[in-house]
Amino acid sequence: MSDKSGNSRKRDGSLKTALVDAGVELLGKRGADGLSLRECAAMAGVSHAAPGYHFKNLMGLSTAIAARGYRLFAEAMTKRLEAAGSSDMDRLAAICHGYMDYASAHPDLFLFIFSGQKFNEEDEDFCQHAAHAYAILRNTCAPMVPPGTDREEIEVLVWSLVHGYAQLSMTRKKDNPKLDRSWPEFDQVFRHLERALSLDVTRD
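Rules used throughout
Residues numbered from 1 in each chain as written. Predicted model: local features only at pLDDT ≥ 70, side-chain atom pairs only at ≥ 80, totals over all residues. Heavy atoms only, no water. Helix = DSSP H or I, 4+ residues; strand = E, 2+ residues; numbered from the N terminus. Buried < 20%, exposed > 50% of the residue type's maximum accessible area, 1.4 Å probe, protein only. Contact = heavy atoms within 4.5 Å. Areas by Shrake-Rupley, 256 points an atom, 1.4 Å probe, with all protein chains shown as cover. Expected span 1.5 Å × (residues − 1). Arc of directions from axis to C-beta. Polar contact = N/O pair within 3.5 Å; in protein donor to acceptor, adjacent residues only side chain to side chain. Phe/Tyr/Trp six-rings, centres within 6.5 Å; stacked < 30°, edge-to-face > 60°. Core = buried A, V, L, I, M, F, W, Y, C linked by side-chain atoms within 4.5 Å. Salt bridge = Lys/Arg side-chain N within 4 Å of Asp/Glu carboxyl O.

Along its length, the protein carries nine helices and zero strands. When the helices and strands of the protein are listed from N to C terminus, the series reads α-α-α-α-α-α-α-α-α. When each of the 204 residues of the protein is scored for burial, the buried share is 36%. For the protein, long-range pairs separated by at least 24 residues make up 64% of all intrachain contacts whose partners lie at least 6 apart in sequence. Surface accessibility of the protein: about 12,000 Å² in total, with carbon and sulfur atoms responsible for 49%.

Its 18 residues place the ends of helix 7 (residues 124–141) 26 Å apart at the C-alpha level, agreeing with the 26 Å of an ideal helix rising 1.5 Å per residue. Along helix 7, the residues that are buried comprise Phe-126, His-129, Ala-130, Ala-133, Ile-136, Leu-137, Thr-140 and Cys-141. Taken end-on, helix 7 shows its buried residues confined to a sector of 135°, consistent with a single buried face. Seen from the buried face of helix 7, the exposed residues on the opposite side, beyond 90 degrees, are Glu-124 and Asn-139. Structurally, the start of helix 7 carries an N-cap: the backbone nitrogen of Asp-125 is 3.2 Å from a side-chain oxygen of Asp-123.

Time to look at the packing of aromatic side chains. To describe a pair of aromatic rings, you give the distance between the ring centres and the angle between the ring planes. A complete count under the given rule lists 15 aromatic pairs for this structure. For the pair Phe-73 and Tyr-99, a centre-to-centre distance of 4.8 Å together with 85° between the ring planes defines the contact as edge-to-face. One end of the pair, Phe-73, is in helix 4 (residues 58–82); the other, Tyr-99, is in helix 5 (residues 88–105), and 26 residues separate them in sequence. Look at Tyr-99 and Phe-110: their rings are 6.0 Å apart centre to centre, the planes differ by 75°, and that puts the pair in the edge-to-face class. Taken together, the positions of Tyr-99 in helix 5 and Phe-110 in helix 6 (residues 107–113) put the pair 11 residues apart, joining distant regions of the chain. Neither residue differs from the other here; Tyr-99 and Phe-110 are each classed as buried. Taken together, the ring pairs connect Phe-73, Tyr-99, Tyr-102, Phe-110, Phe-114, Tyr-134 and Trp-159 into an aromatic cluster.

With that settled, the discussion passes to the nonpolar core. Membership of the largest hydrophobic core comes to 57 residues, with the highest contact counts inside it found for Ile-65, Phe-73, Leu-92, Tyr-102, Val-158 and Phe-190. Breaking this core down by element, the ones donating at least two residues are helix 2 (14–30), helix 3 (37–44), helix 4, helix 5, helix 6, helix 7, helix 8 (151–170) and helix 9 (186–202). In terms of residue count, helix 4 provides more of this core than any other element does, 12 residues in total. If we ignore the near neighbours within four places in the chain, the residues touching Phe-73 are Tyr-99, Tyr-102, Ile-113, Phe-114 and Ala-133.

Within the element layout of this structure, Leu-109 appears in helix 6. With a relative accessible area of 4%, Leu-109 lands in the buried category. Between the alpha carbons of Leu-109 and Gly-69 there is a distance of 5.5 Å; along the sequence they are 40 residues apart. Those residues in contact with Leu-109, other than ones at most four positions away along the chain, are Val-24, Leu-27, Ile-65, Gly-69, Leu-72 and Tyr-102.

Relative to the helices and strands, Ser-62 resides in helix 4. What makes Ser-62 buried here is its relative accessible area of 2%. Spatially, the C-alpha atom of Ser-62 lies 7.9 Å from that of Gly-23, the residues being 39 residues apart in sequence. For Ser-62, the contacting residues outside a window of four places in its chain are Leu-35, Phe-112, Gln-117 and Phe-119.

It is worth spelling out the pattern of salt bridges at this point. Scanning the entire structure with this criterion turns up nine salt bridges. With a closest N to O distance of 3.5 Å, Arg-138 and Glu-152 form a salt bridge. Here Arg-138, found in helix 7, pairs with Glu-152, found in helix 8; they are 14 residues apart in sequence, far enough to count as distant. Between Arg-151 and Glu-152 there is a salt bridge, with its nearest N and O atoms 3.8 Å apart. Note on Arg-151: relative accessible area 43%, which makes it partly exposed. Owing to a relative accessible area of 38%, Glu-152 belongs among the partly exposed residues under this scheme. Connected through salt bridges with shared partners, the residues Arg-138, Arg-151, Glu-152 and Glu-155 form a single ionic network.

What follows is the structure, encoded as structure tokens:
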């Protein structure tokens, strides 16, 4: 007897979505080392062989999870951009807040996509969503790049600041009792970056 329900899920893509959903759930419970195609199949209510229709191996599942992570990442930054003021600095602050929105709302995915995990960089969905997320950073930083400066320098400056702040906040190092003073809000930290970039942009 054929599994008409399973075949239907394969065709409409819901099986892949269910497997990625299961993978994200496992990621939250056990971390990257706890991902398992067989267990994701069980959680999705399909046979252990079913994931092979979409994923050749565990890297395939990991790549699909990361693709979702980057999609949600880009959406969080875009949402902030759409509500931002028109100035270049307002837009830069907006994507930084979107960055932290994503880290706060999806901590497991945030850590996963920046974990150094090996993904299939030839996967179309992964490449599309990862590139889109970086393009948001690049395009928003572009007006801040002083003449004669490589754009990557400014991109890495901004990226390092917001990523470091998000990571430190997430791991609760801000609550370390050994800190000499209270943890600053991001906008306080961003003002220092704003001053530095403004000086660079206006310098002859």
